[in-house]
Amino acid sequence: MTRRTGIKELLALIAALALVAAAGEAAAQKGGQTPILSGPLVKLDIKEAQIETAKGKPKGTFRIAQHFALDPGWLDPLEHIFALTMQTYDYLVHDALIKPMPQGEATYSLAEHAELAADFRRAAFRLRPGLKFHDGQPLSTADVKWTYENYKGAHAKLFRDKLEHIQIVDDRTIVFHFKEPFLEFMDLYNGAVSGIGWIVPKHYYEKVGRDGFKAKPIGAGPYKFVSQQAGVQMDFEAWEEYWRRTPAAKTIVVKGIRDNAARLAGLQTGELDLAFGMTGKVLPQVMADKNLRWVPNFTSVWHLAFPGYNEPDSPFHDKRVRQAVSLAINREFLVRQETQGVGKVWGNWISPENRDALKGDGKDLPLPEHNIAKAKQVLAQTKFPNGFEFEWFVPFVPYFDMGERILTDLRAVGIRGKLQSLEGPAFRAKMGQGRKGFPGNRTIVQNIDPRPGGAKATIGVYAVCGSPASIVCEPQIEELWTKHEASKNLDERDRLNKAIQKILVEEYYMVPIYWNPFVHAIGPRVLPEGKGIERYYDTLHAPYPWPWEVWEVRADR
Amino acid sequence: MPPLLRVDDLRAYYFGFRGTRVVKAIDGVSFSLEAGETFGLVGESGCGKTSTCHAIVRLLPPSARIVSGRIELEGEDLLGKSQTEMRQIRGRRIATILQDPMASLDPLFSIYDQVAEPAYYHRAFRGRRLRQRVKELLSAVRIPSPERRMKDLPHQMSGGMRQRIVGAIALAGGPQVIIADEPTTNLDVTIQLQYLNLLKDLQRASGVALIFVTHNLGIVAKMCDKVGVMYAGKIVEMQSVRGLFYNPRHPYTRALLDSIPKLGTKDPLYVIPGQPPDLSRLPAGCSFQPRCQSAMERCRVEEPSEQHLDDAATTRCWLPLHEATTRG
Amino acid sequence: MRKYVLLRGFYSLVTLWLLVTIIFAMVRLTGDPVAMKGEIGADATYLERIKHDWGLDQPVYWQYTGFIGNLLKGDFGHSFEKSLPVRDIYFERLPNSLKLGFAAFVISLALGVPFGMLSALKVNTWWDNAGKMIALLGLSMPGFFVGLVLIIIFGVQLGWLPVLGKGSSAFVWSNPATWAPFWFRDWPHLAMPAFALGWYFSGAMLRITRSGMLDVLGSDYIKLVRLKGVPERMVVAKHALKNSLIPVLTFAGLNLLIMVNVAVVIEVIFNWPGVGQLLYDGLSNRDFPMVQGVVLMSGLMIVMLNFVIDVLYGYVDPRIRLSR
């Protein structure tokens, strides 16, 4: 978690602390909380939870269509995956100590107070009083500790390596001690990034085991798991004793429906209320249908990358060639064709949803240019004045039409290649191997990656030599990155981070295209009527409209 | 008093290939039959015997048509009747026995069921009377333990027994005429005799008239009173059995008799030269003429008309005329 | 007879073993499944943990013996994509496929058999040509096309039928109270997918019935029945019908198995949660245990059916029945 306030304020705070040594409570107090840790603290920007007094009984059935088959594994936070999709289920059945909410990117949930030592070697939490799991058993720090220790999911190694020991102060207070400074701890512990903060009931998990838990999980979240048909559908029921509020919808049903035409049909017949991923050819139909509403739901930015570019015999080795590629793409046209004009041409390949990303709308990075003449001019200075043939253009599955359009744009300046359409899993597998996934060095890849954790996470995956998925490997960037990792200073880190982003765009290592709207379509039964539904998308940097307990639907007949 | 069954100059052709190919399967068949009489219809395969049997009960395949002639049962014109009316004739007044006992019975229904059908539909037997009737019929055809065997299915019976059951079926409706189309051809030789004796007994007992189709002259000698020899769709000679064997009038008949193997000699078998004719491309004049030893000029040109000879024999041949004239 | 049965049983087992081995090998040719779960940016430990969970870090022959060993215990392994035991998922879904398969089967019979008989009875007439054309339409229009057309017309435009899934009725193996109602409830959900699936097979049924009927109508015993003067409708309804149904039903039995196991496309379009969908998901996601499990189960059903037919034929044929 990065602070908006500068390093200066922190220094001032620490100075004040040093002066008022005996009155340590003043600095850490927020709404009358007693401090847990001793010594100087990092100022955390965690927002208070909004607890609502019960408004009435939950009513109605809310039907959601996910765009791929459901995996019961998503119900187990201990095996949390890297992708954001899983959070949909986290927000339903489970709860985390801190998680993104409409109030803020980090909002107190199960925890009511958190502290991070200034040396980043200790982190403390105090849980709210009276927390329970769905089966009525209390939720205590024993469960928090157990979850941490048994976590096997994303970033598990990092959490385990850094941990020295966990200290349980009492059944509401817990302190994590780390072997070395763990700057990103609060960021990573946030429910958006990993599963370690989503608390799993120790007593229940030990009783039913891994398979049993996935088949029938229990958590502390607003909805209780009722039943599932593996891969097809999951049914949840409101848990009226949820600490924050009574959920608005009585039942939530999540279905896995791969085909977007089928999702559209479901919305139109009233069998669905919310459908994700209504892009491509169904988008005009969604927009035209007066009974349906839609939300643009911007996620991340489409961009091109050039695996193998850094080999001297690759045509993309020359920066000017990459620049010509960027100049050739008619982004406005793409935005119109692919997203009915909803998308935004953008100058950074990392989405502005990330706090630490440079803005690509001209404020931090310029809007990319479309200029065929200039592209040809630039190309003329290279080894390929009349263009060249490259091998494969690999589009992000299944946006093959978009890939074709880009190829056509490139052909206009003489850069010719073939479209390689892969299967989803094959594409992901190749991307996961980075440069090694695409043999040869005459390939262009079209990718998009809405991953949590900030711009630095995305950089760490694609632009760092040591990453398994690395595509960009430049000594200049390596140097900056090493400094970034070694730095204990959040401001310095931020500076280095942004410098890397600038290089990646200015040197055309990554060519951004447009900021993608991953449109969601909403049916007529969702309340409030009209544009009021946009408030469900208030949670920042969330590609899905969580939390779920606020969604209201019309009562069933 | 009209004969029981009379067929007069019956002609039936098969029309194939949209009418361009005409097979003259029956090309002039006439005979009559009295009650209790056995009429044998003899000829090689493909000469039209089976077609005649089917034509009499109007069950020719859809590609065939009766083009001319008359068929009368007790004076009633059968050609003018509708199919519904004919169903009242079939089984009830004219019954049929087919050649292959293994294929004649429906494999899925019991013996009782199949024998009972004609009695059920034509004579309105029901219930206990029906069972009694079936039992009588099975006894009449000498099926042992008919009560038990009624429940059996055809595959549980031997060929000989099945053919006897087919006989029982034929009798079940109480017909006046039974047409037996080569009933013993598919039976073992030892069984054949048994079967023929049975038929004869049944005929004597019920007074039914029998049309017996066969290519075996030995059977003809045993079973029949009157014989018609068919060749190329026509009856070329018709006589009493005695007359046929002692005084065949048509060269084809003579050739058939000659070709019966004789026991006790080692003479080479006599074979009628040539092939049976293609009924869609019959030669001009007499159909037998290409294979006839005694063929004359006239035979090649003009088809012989029916010659009624003194001893109630008829023949389609120019020879008798010729003989008569040459004898002076 | 006993020797015959044992021999047939042995062959069945050999067939199954071959099937299992071939699918084990082939599925591993589709690529690396770990990449499916391990997202881009996952570190090596994470991927290794997954690989270990799935047993893929062992040498192939060890995986194979483990696989066979588990099979004999009835354990098909854990689905890579769906995280739960394959056997549990499969049997949870099997009743759905059975329901769809049976419904499609009934439809294919109801459409195909009467029209096939009509075609045969009125052979070479206008009726026959109409029947042959219907059969051709059935066989040439792919299931997904028919399915999508139905969805558009009856689901979206007219709104008569729901387009998604199978409705809420569930067949719970452990709860007998759910068994009977499962087959009859939610039939609006069943109508379109069953029709789309059955339509294709009705064409085949029509042709089989037609040729079977024509064979029967040309037989000697039918000729004799006609010669007996039995009314024509009884000739057809009593004799011809029963005799011609035997080859039809034999063929139909195999079709039913196919409809239950291989209705992949229909299940995907209509989001019908059956075993065909499992196969599709399994193949898309390189879910080895799932593909292995589904293929094995289908193979098992077909092998068992063939075994039963073999034994029945053996019983019917006296040469085999009476031998030792």
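Rules behind the numbers
Residues numbered from 1 in each chain as written. Chains lettered and ligands numbered in written order. Predicted model: local features only at pLDDT ≥ 70, side-chain atom pairs only at ≥ 80, totals over all residues. Heavy atoms only, no water. Patch = residues over 30% accessible without salt bridge, like charges linked within 9 Å, V, L, I, M, F, W, Y side chains within 5 Å. Areas by Shrake-Rupley, 256 points an atom, 1.4 Å probe, with all protein chains shown as cover. Salt bridge = Lys/Arg side-chain N within 4 Å of Asp/Glu carboxyl O. Helix = DSSP H or I, 4+ residues; strand = E, 2+ residues; numbered from the N terminus. Expected span 1.5 Å × (residues − 1). Buried < 20%, exposed > 50% of the residue type's maximum accessible area, 1.4 Å probe, protein only. Arc of directions from axis to C-beta. Contact = heavy atoms within 4.5 Å. Buried area = accessible area lost by both parts, 1.4 Å probe. Domains from an automatic or database assignment. Polar contact = N/O pair within 3.5 Å; in protein donor to acceptor, adjacent residues only side chain to side chain. Nonpolar A, V, L, I, M, F, W, Y, C, P; charged D, E, K, R; others polar. pLDDT = per-residue confidence, 0-100. Phe/Tyr/Trp six-rings, centres within 6.5 Å; stacked < 30°, edge-to-face > 60°. Lys NZ or Arg CZ within 6 Å of the ring centre and 35° of its normal. Core = buried A, V, L, I, M, F, W, Y, C linked by side-chain atoms within 4.5 Å. Pairing = 2+ DSSP bridges. Axes fitted to C-alpha atoms, helices over the stretch in contact; angles between N-to-C directions. Parallel < 35°, antiparallel > 145°, perpendicular 65-115°, else oblique.

**What to know about a nonpolar patch on the surface**
1) Next: On the surface, L7(C), F10(C), Y11(C), V14(C), W17(C), L18(C), I22(C), M26(C) and L29(C) cluster together to form a nonpolar patch covering roughly 940 Å² of accessible area.
2) Next: Along the chain, L29(C) falls in the loop between α1 (2-27) and α2 (34-37).

**Things to note about helix α16 (residues 475-486) of chain A**
Residues and elements named next belong to chain A.
1) Next: Between the first and last C-alpha of α16 there are 16 Å, a value that for 12 residues agrees with the 16 Å anticipated at 1.5 Å per step.
2) Next: Burial in α16 covers these residues: I477, L480, W481 and H484. All buried residues of α16 lie within an arc of 100° about the axis, which places them on one face of the element. Exposed residues pointing more than 90 degrees away from the buried face of α16 are listed as P475 and E479.

**A short note on the interface of chain C and chain A**
1) Next: Taken together, the contact between chain C and chain A spans 38 residues of the former and 46 residues of the latter.
2) Next: Where chain C abuts chain A, roughly 3,300 Å² becomes buried across the two surfaces, and 57% of that area is made up of carbon and sulfur atoms.
3) Next: Among the residues of chain C in contact with chain A, I40(C), L84(C) and L164(C) are the three that bury the most area, contributing 21% of the side total.
4) Next: Ionic pairing is found between E79(A) and R49(C), a salt bridge with its closest N-O pair at 3.9 Å.

**Concerning unusual backbone geometry**
1) Next: With an omega of 0°, the peptide bond running from L527(A) to P528(A) counts as cis.
2) Next: By secondary structure assignment, the location of P528(A) is in the loop between β20 (526-527) and β21 (552-553).
3) Next: Unlike most non-glycine residues, A124(B) shows phi in positive territory, near 55°.
4) Next: Position of A124(B) relative to the elements: it lies in the loop between α4 (111-123) and α5 (127-140).
5) Next: Exposure remark for A124(B): the relative accessible area of 49% places this residue in the partly exposed category.
6) Next: We note that N271(C) has phi near 55°; this positive angle belongs to a residue other than glycine.
7) Next: Structurally, N271(C) is set in the loop between α12 (264-269) and α13 (275-284).

**Points about the domain arrangement of chain B**
Residue and element names in this part refer to chain B.
1) Next: Per the domain assignment, the segments making up chain B are domain 1 (5-224) and domain 2 (230-261 + 282-325).
2) Next: Computed from C-alpha coordinates alone, the two centres of domain 1 and domain 2 are separated by 28 Å.
3) Next: With 22 residues of domain 1 at the contact, the number on the domain 2 side is 17 residues.
4) Next: Carbon and sulfur atoms make up 63% of the surface buried where domain 1 meets domain 2, a total of about 1,500 Å² over both sides.
5) Next: When the buried surface of domain 1 facing domain 2 is broken down by residue, D27, E44 and L217 rank first, second and third, together holding 35% of it.
6) Next: Between the two partners, domain 1 and domain 2, sit 2 salt bridges.
7) Next: Salt-bridge contacts for E44 lead to R291; the nearest nitrogen and oxygen are separated by 3.7 Å.
8) Next: In this assembly, domain 1 and domain 2 are joined by 6 residue pairs in polar contact (both at pLDDT 80 or more).
9) Next: Where the side of domain 1 that touches domain 2 is concerned, the elements lending two or more residues are β2 (21-33), β3 (38-42), α1 (49-56) and α9 (217-223).
10) Next: A total of 8 residues in the side of domain 1 that touches domain 2 trace back to one element, the largest contributor, which is β2.
11) Next: Classifying every residue of the side of domain 1 that touches domain 2 by side-chain character gives 12 nonpolar, 5 polar and 5 charged.

**Points about the confidence of the model for chain C**
Residue and element names in this part refer to chain C.
1) Next: A residue-level look at chain C finds 96% of positions with pLDDT of 70 or above and a mean pLDDT of 85.
2) Next: By mean pLDDT, the top-scoring element of chain C is helix α10 (residues 220-227) (90), and the lowest-scoring one is helix α15 (residues 318-321) (65).
3) Next: Reported for the predicted complex are a pTM of 0.74 and an ipTM of 0.85.

**Re the packing of aromatic side chains**
1) Next: Counted under the stated rule, the structure contains 57 aromatic pairs over all chains.
2) Next: Ring geometry for F31(B) against F39(B): centres 4.5 Å apart, planes inclined by 20°, an arrangement best described as stacked.
3) Next: A relative accessible area of 3% means that F31(B) is categorised as buried.
4) Next: Feature note: the residues F125(A), Y148(A), Y151(A), F159(A), F176(A), F178(A), F182(A), F185(A) and Y189(A) constitute an aromatic cluster, connected by ring pairs.
5) Next: For R298(B), the ring lying beneath its charged end belongs to W318(B), and the centroid distance is 3.6 Å.

**What to know about the nonpolar core**
1) Next: Within the largest apolar cluster, 128 residues are counted, with the highest numbers of intra-cluster contacts made by Y148(A), F176(A), F185(A), F236(A) and W548(A).
2) Next: Examining the composition of this core, we find that 9 residues originate from one element, helix α14 (residues 288-316) of chain C, more than from any other.
3) Next: Excluding residues that lie within four positions of it along the chain, F185(A) makes contacts with A123(A), F125(A), Y148(A), F159(A), F176(A) and F178(A).
4) Next: Judged by nonpolar contacts, the second largest core, of 98 residues, contains V57(B), L137(B), V166(B) and C224(B).

**What about the sheet that holds strand β14 (residues 344-345) of chain A?**
Residue and element names in this part refer to chain A.
1) Next: Spatial ordering of the open sheet is given by β14-β18-β13-β17-β15-β16, a layout of 6 strands whose pairing is mixed. The open sheet terminates on both sides in strands that have one partner only, identified here as β14 and β16 (415-419).
2) Next: With 5 bridges connecting them, strand β13 (residues 298-305) and strand β18 (residues 510-517) associate as antiparallel partners. In the sheet register, L304 faces β18, and the bridge partner there is V511.
3) Next: Strand contacts of helix α11 (residues 331-339): β14 and β18, with the helix running at about 35° to β18, the strand carrying the most contacts.

**Digging into the packing of helix α8 (residues 260-269) of chain A against helix α7 (residues 143-157) of chain C**
1) Next: Following both chains from N to C, one finds α8(A) and α7(C) inclined at 25°, their axes separated by 9 Å at the closest point. Between α8(A) and α7(C), the angle is such that the two are roughly parallel. Across the interface between the two elements, A265(A), Q268(A) and T269(A) of α8(A) pack against I151(C), G155(C) and V156(C) of α7(C).

**A look at the sheet that holds strand β5 (residues 122-127) of chain A**
All names here are of chain A.
1) Next: Taken in spatial order, the 4 strands make up an open sheet running β4-β5-β7-β6, and their pairing is antiparallel. Where the open sheet ends on each side, the last strands, each with one partner, are β4 (111-116) and β6 (163-170). Pairwise comparison of adjacent strand axes, ignoring direction, gives a mean angle of 15° for this sheet.
2) Next: Here β4 pairs with β5 via 5 bridges, running antiparallel. Looking at the pairing, A111 lines up with L127 of β5.

**Comments concerning the pairing of strand β8 (residues 209-214) of chain B**
All names here are of chain B.
1) Next: A large share of β8 lies buried, amounting to 6 of its 6 residues.
2) Next: Strand direction decides the pairing type here: β3 and β8, joined by 5 bridges, are parallel. Within β8, the position partnered with T38 by the bridge is L210.

**As for the side chain of E549(A)**
Residues and elements named next belong to chain A.
1) Next: Its location among the elements puts E549 in the loop between β20 and β21.
2) Next: A polar side-chain atom of E549 sits 3.0 Å from a polar atom in the side chain of R244.
3) Next: Excluding residues that lie within four positions of it along the chain, E549 makes contacts with Y91, M101, P222, Y223, Y242, R244, R245, T246, P247 and A248.

**Quick word on the interface of chain C and chain B**
1) Next: Opposite the 17 residues of chain C that make contact, chain B presents 25 residues.
2) Next: Where chain C abuts chain B, roughly 2,000 Å² becomes buried across the two surfaces, and 63% of that area is made up of carbon and sulfur atoms.
3) Next: Looking at the side of chain C facing chain B, the largest losses of area belong to L224(C), L227(C) and K228(C), adding up to 34% of the total buried there.
4) Next: Inspection of the chain C/chain B interface yields 3 salt bridges.
5) Next: Measuring nitrogen to oxygen at the nearest pair gives 2.8 Å for the salt bridge that ties K228(C) to E117(B).
6) Next: In this assembly, chain C and chain B are joined by 10 residue pairs in polar contact (both at pLDDT 80 or more).
7) Next: Elements supplying a minimum of two residues to the side of chain C that touches chain B: α10 and α11 (232-261) of chain C.
8) Next: Looking at which element gives the most residues to the side of chain C that touches chain B, the answer is α11(C), with 7 residues.

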